[in-house]
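Each chain, written out:
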Amino acid sequence: MLGGCSIGVAPGQQGNLAMRQDAVERLLDVIAGMQEASAAARIREEANAFLRAPEGIGTVLRVVTTDGRERRREMACALLSAALDGARMAVENGSADGPRLLGLIEDAVRDLDATRVLDAHGRIRLAQVYARAGLEPPSEAMLTPDLLESMTRQAAREMPDTGAMLAAVLDQCGQDSLSAHAVLGEAMAALPPDVRAQFVLMIAGHTDAVAARLALYWLLDRTADVRLAAATALLSLANTGQLDGRCSALLPLLRKWLPGDPARAMVDAAIKAMLRHGGPPSNAPGWTVQRVLATLPDGAGAQSIVALIQQGRRRAVAMLLFKQGHGVRDAFIQHVRSAREQQRYLDEIGGQIGLLDMDPDFVAPALARALGDGLANDSLPPPGLIDIAEIWGGEALNPALSDARSILGMIGAEEVIARMNETEGDRLIESETALLALPHFESWFEDTAELGASLAQARGKRAREAAAWRYLETRRTWWARQAAICAATLKASAGAGQTLWVSFAASARAMLDGQRLQGLPMMQHVAEMSLGVAGSRPGREAEAAPRPEKPGELARLLAGTGISDAYLQGYLTGLAITPRPVSLEAWLGPLLGGVAFSGDGRLRRRLDLVIMRANRIDAEAGDRRKVAGWIAALDEAGLGEWMRGLAALREATRDAWPASALAPTDKRVLRDLEAAAKAGGTGELRTILPAWIVARHARRR
């Protein structure tokens, strides 16, 4: 902290930007003079501050790319990498802070590129910082063709030996292949994808076991060119019978995690060639799992698993991180020298997160579920999972169904719940309520940009509560899976007892079955925590409500977009009567996705006005007199536009209109609307629509 306070400043209180930049300069001087441990702690603190108040991040970026003082530049790199990592996680969690910070950093990179101050060294450092944070560098951080040409001429004179380079990297990493993969990834981060792929092909083409291992890691790269290069190298080795035995054993398992692209097709060819040359693949010496511990998922859906493992006299700690919607987020093995060091490592982890002792058999189905979750969401697992694969093979590495109902089925929850009487059901609710009071569940809240936008529109406590519950309806499936994961974890936990795990299983099933969220203790807790966080977050209480719409303002802002006032009213009326809740992005994206916006602040105003209009129509859709007034005000062409807007909403939100949720009257009116749209007339719809809209709105409520 400078002068007793952090450089992080709450929104609306940033003061002069030049002062902020000066504070960042002084901060970097302070961190550069610290010991490593103190500097790392301070960097984590200030990286979080940049999420809340990103002004001044451009100063850090400038030091990273142009400052000649090495220690200061290293600290700036560490700070920028930590800020990017925090922004990446905020994006994953739906927070508005993440996109805002990433956008400001990318704007600052573009400014540096435009002023031609980014030389090759600056671009390489910047790309490495992005890679360290698990992000693809922006194009402006890549080496340009002229810089590449200059470097290629230099390399041609020096004739680099990729074998010698790999040996040097391995020496630097203590012969650890996964660490070598990370070092090489950072070294190649500034190269365009096609050039990076060429280097991968050169390195992975070596016939030693380390090169083959690196090729396996690169099969899980987020860049398709790199994956294809790695698969090409493996196929070449397999065709000549030179594929390492341990690599051969892992390849059939790994291909199940890959998307259906050319790289996987080449992996399939490599497996066939491998079997032709070597028969059944050989397996690595097995590890013994001594102890397994796990957390319950936190509010972002992240769950950690820790396993103490042993292979002969070798000991290690295996770490897995799962995250809902992303699958396996991290995986690695930390080798230790003794049982005492192994326990000390575990104690350090346990001091940071709450761990439950688990049945060792818990890991295999949990890992299979996480792989299935990642595959369903187009998220590749981390390279470190390849090392983990040698501990848990077989079914653990086959992606499994990962939705809430499938999880409940796997753990036999339905049968247990069906046998319970009413008294036992009441006891379930009491046990869940007590568990939710534990500190771990303080992280169970929603703090997304979408919820923030809804709460900003609400006035008064009741309106905010109603807005929170409407938003949580759109997250019903997510929280049902969260409860199912808790149930599966608690069931496999030593001493947790049946009542605890079944209580979460019952909550999951209740959400899947469409029961009111307000009646579930778990969701009451989530709603209360979410509202509390929204009210206490710095700057939230100072957020100003959007100013009311002036007559004709939205129509002027949408002029030339093809969205007429009647079309918008029909679209938003459809939103007000959907049988199932719809998220903000599901309806707002299709409505405004094709509209070109200038960068003059009108985008924010358009969004505010459309959301306010949607809220007003939703509030009035239950009043027959007001709805009749809407329809009466439309001429024949206007009513046609209105019907076109409603049809567009239904098309954009198909999942919210299941036939099972529609009454016979609904189906008949919807058919009449479709027929009228095709025929170009409105028939008797003008007289039918007001009563139908009010009834449809009431049924949704």
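For clarity, every value in this text was computed on a predicted model and none was experimentally measured. (Residues numbered from 1 in each chain as written. Predicted model: local features only at pLDDT ≥ 70, side-chain atom pairs only at ≥ 80, totals over all residues. Heavy atoms only, no water.)

Student: What is the right way to read the overall build of the protein chain from this model?
Tutor: Of the regular secondary structure elements, the protein chain holds 33 helices and 5 strands. Within the span of the protein chain, comprising 701 residues, buried residues form 48% of the whole. Within the protein chain, residue pairs in contact and separated by at least 24 positions form 72% of the contacts whose partners lie at least 6 positions apart. A total accessible area of about 32,400 Å² is found for the protein chain, and carbon and sulfur atoms account for 53% of it. (Helix = DSSP H or I, 4+ residues; strand = E, 2+ residues; numbered from the N terminus. Buried < 20%, exposed > 50% of the residue type's maximum accessible area, 1.4 Å probe, protein only. Contact = heavy atoms within 4.5 Å. Areas by Shrake-Rupley, 256 points an atom, 1.4 Å probe, with all protein chains shown as cover.)

Student: How do you make sense of the pairing of strand β2 (residues 302–311) when you look at a structure like this?
Tutor: Two faces make up the sheet, and in a regular strand the side chains alternate between them. The buried fraction of β2 amounts to 9 of the 10 residues, a majority that puts the element mostly inside the structure. In the sheet, strand β1 (residues 288–294) pairs with β2 via 6 bridges, with the strands oriented antiparallel. Counterpart to Val-292 in the pairing with β2 is Ala-307. Sheet topology note: the β2/strand β3 (residues 314–323) ladder contains 10 bridges and is antiparallel. Its bridge partner being in β3, Gln-311 is matched across the sheet by Arg-314. Between β2 and the antiparallel strand that follows it, β3, lie 2 residues; Gly-312 among them carries a positive phi value of about 65°. (Pairing = 2+ DSSP bridges.)

Student: Even after reading the chapter, I still don't get the packing of helix α4 (residues 70–92) against helix α6 (residues 120–132), so can you show me in this structure?
Tutor: How two helices pack is summed up by the angle between their axes together with the distance between the axes. It is the contact of α4 with α6, at a shortest axis distance of 8 Å, that shows an interaxial angle of 40°. Between α4 and α6, the angle is such that the two are oblique. Crossing hand, α4 versus α6: right-handed. Contacts between α4 and α6 involve Arg-73, Cys-77, Leu-80, Ser-81 and Leu-84 from the former and Arg-125, Leu-126, Val-129, Tyr-130 and Arg-132 from the latter. A class-by-class count of the residues in the contact of α4 with α6 yields 6 nonpolar, 1 polar and 3 charged. (Axes fitted to C-alpha atoms, helices over the stretch in contact; angles between N-to-C directions. Parallel < 35°, antiparallel > 145°, perpendicular 65-115°, else oblique. Left-handed = near helix turned anticlockwise from the far one by under 90°. Nonpolar A, V, L, I, M, F, W, Y, C, P; charged D, E, K, R; others polar.)

Student: Would you mind going over the side chain of Lys-323 with me for this structure?
Tutor: In this fold, Lys-323 is placed in strand β3. Among the polar contacts made by the side chain of Lys-323, one reaches the side chain of Asn-93 at a distance of 2.8 Å. Contacts of Lys-323, omitting those with residues within four sequence positions, involve Met-89, Glu-92, Asn-93, Ala-300, Gly-301, Ala-302, Arg-329 and Asp-373. (Polar contact = N/O pair within 3.5 Å; in protein donor to acceptor, adjacent residues only side chain to side chain.)

Student: Could you clarify how one ought to interpret the pattern of salt bridges in this entry?
Tutor: Side chains bearing opposite charge may pair, as long as their charged atoms lie close to each other. Scanning all chains against the criterion turns up 38 salt bridges. Between Glu-390 and Arg-213 there is a salt bridge; the shortest N-O distance is 3.2 Å. With Glu-390 in the loop between α17 (385–388) and α18 (404–410) and Arg-213 in helix α11 (residues 209–218), the pair connects residues that are 177 residues apart, well separated along the chain. You'll find Glu-390 and Arg-213 in the same group, each marked buried. In this structure, the salt-bridge partner of Arg-686 is Glu-636, at a minimum N-O distance of 3.7 Å. A residue pair is termed long-range when its members are at least 10 positions apart, and Arg-686 in helix α33 (residues 685–700) and Glu-636 in helix α31 (residues 636–652) qualify at 50 residues. Among the charged side chains, a network of salt bridges with common partners joins Glu-25, Asp-29, Arg-62, Asp-67, Arg-69 and Arg-72. (Salt bridge = Lys/Arg side-chain N within 4 Å of Asp/Glu carboxyl O.)

Student: Looking at this model, I keep getting lost on the sheet that holds strand β5 (residues 356–358). Mind explaining?
Tutor: Two strands in a sheet stick together by hydrogen bonds in their backbones, pointing the same way (parallel) or opposite ways (antiparallel). If you walk across this open sheet you meet the 5 strands as β4-β3-β2-β1-β5, and the pairing is antiparallel. Taken across any chain shown, the strands that pair with only one partner, and hence form the sheet edges, are β4 (327–336) and β5. Ignoring strand direction, the axes of neighbouring strands in this sheet form an average angle of 20°.

Student: How should the packing of aromatic side chains be read in this particular structure?
Tutor: Any two aromatic rings considered together are summarised by their centre-to-centre distance and by the angle between their planes. In this structure the tally under the stated criterion is 6 aromatic pairs. For the pair Trp-444 and Trp-479, a centre-to-centre distance of 5.5 Å together with 50° between the ring planes defines the contact as tilted. Highlighted residues: Trp-444 in the loop between α20 (422–436) and α21 (449–457) and Trp-479 in helix α23 (residues 476–491), separated in sequence by 35 residues. Of the two residues examined, Trp-444 and Trp-479, each falls in the buried class. When the centroid spacing of 6.4 Å and the interplanar angle of 25° are considered together, the rings of Tyr-567 and Tyr-571 count as stacked. On the criterion of helical spacing, the pair formed by Tyr-567 and Tyr-571 is a turn pair, its members being 4 residues apart in helix α27 (residues 565–576). This pair shows no difference in class: Tyr-567 is buried, exactly as Tyr-571 is. An aromatic cluster is present here, built from Phe-441, Trp-444, Trp-478, Trp-479 and Phe-504 joined pairwise through their rings. The lysine or arginine in question, Arg-650, covers the ring of Trp-657, its NZ or CZ lying 5.2 Å from the ring centre. (Phe/Tyr/Trp six-rings, centres within 6.5 Å; stacked < 30°, edge-to-face > 60°. Lys NZ or Arg CZ within 6 Å of the ring centre and 35° of its normal.)

Student: Would you take a moment to explain the nonpolar core for this structure?
Tutor: Grouped together as the largest cluster of nonpolar side chains are 80 residues, with contacts concentrated most on Trp-218 and Leu-320. The leading source of residues in this core is helix α12 (residues 224–239), at 9 residues. In this view, Leu-320 contacts Gln-303, Ser-304, Ile-305, Val-328, Asp-330, Ala-331, Val-363, Leu-367, Leu-385 and Ile-388; residues no more than four positions away in its chain are not counted. Residues Leu-296, Ala-480, Ala-488 and Phe-504 belong to the second largest nonpolar core, which totals 48 residues. (Core = buried A, V, L, I, M, F, W, Y, C linked by side-chain atoms within 4.5 Å.)

Student: What exactly am I supposed to notice about the packing of α11 against α12 here?
Tutor: Remark: α11 packs on α12, axes separated minimally by 8 Å, with the N-to-C direction vectors making an angle of 145°. You can see that α11 and α12 cross each other, and the crossing is left-handed. Taken together, the residues of α12 that come into contact with α11 (itself represented by Ala-212, Ala-215, Leu-216 and Trp-218) are Val-226, Arg-227, Ala-230 and Leu-234. Partitioned by chemical class, the residues of the contact of α11 with α12 number 7 nonpolar, no polar and 1 charged.

Student: Please clarify how the confidence of the model for the protein chain should be interpreted in this entry.
Tutor: If pLDDT is low for a region, its predicted coordinates should not be looked at in detail. In the predicted model, the protein chain carries a mean pLDDT of 85, and 90% of its residues have values of at least 70. Long-range and interchain partners of residues 1–19, a stretch whose pLDDT sits below 50, account for 34 contacts in this model, where long-range means more than four residues apart. Low confidence marks residues 595–601, where pLDDT is under 50. Its contacts with residues over four positions away, or in another chain, come to 5 contacts. (pLDDT = per-residue confidence, 0-100.)

Student: How should I be thinking about the pairing of β3 in this particular structure?
Tutor: The buried fraction of β3 amounts to 7 of the 10 residues, a majority that puts the element mostly inside the structure. The pairing of β3 with β4 spans 9 bridges and is classified as antiparallel. Paired with Phe-322 across the two strands is Val-328, which belongs to β4. The turn linking β3 back onto β4 is made up of 3 residues, and Gly-325 within it adopts a positive phi angle of 90°.

Student: Explain helix α9 (residues 177–187) to me, please; I cannot follow it from the model alone.
Tutor: Residues Ser-177, Leu-178, Ala-180, His-181 and Leu-184 constitute the buried set of α9. The arc enclosing the buried residues of α9, seen along the axis, measures out at 155°, which places them on a common side. Turning to α9, the residues buried within the fold contact α8 (162–172), α10 (193–204), α11, β4 and α17. (Arc of directions from axis to C-beta.)

Student: Got a minute to help me understand a nonpolar patch on the surface in this structure?
Tutor: On the surface, Met-165, Phe-199 and Met-202 cluster together into a nonpolar patch covering about 240 Å² of accessible area. Relative to the helices and strands, Met-165 is located in helix α8. (Patch = residues over 30% accessible without salt bridge, like charges linked within 9 Å, V, L, I, M, F, W, Y side chains within 5 Å.)

Student: I tried to follow the side chain of Arg-613 on my own but got confused; where do I start?
Tutor: Within the secondary structure layout, Arg-613 lies in helix α29 (residues 602–620). Residue Arg-613 is classed as buried on the basis of its relative accessible area of 9%. Among the polar contacts listed, one links the side chain of Arg-613 to the side chain of Asp-565, at a separation of 3.1 Å. Excluding residues within four positions of it along the chain, Arg-613 makes contact with Glu-549, Leu-554, Asp-565, Leu-568 and Leu-572.

Student: How should I be thinking about α11 in this particular structure?
Tutor: Each α-helix turn comprises 3.6 residues. Residues three or four places apart therefore point the same way. Of all 10 residues making up α11, 8 are buried, and the element is well covered by its neighbours. Those residues of α11 lying buried are Ala-211, Ala-212, Arg-213, Leu-214, Ala-215, Leu-216, Tyr-217 and Trp-218. Lining the buried residues of α11 we find α8, α9, α10, α12, α13 (245–254) and α17. The N-cap residue of α11 is Asp-208: its side-chain oxygen and the backbone nitrogen of Val-210 are 3.2 Å apart.

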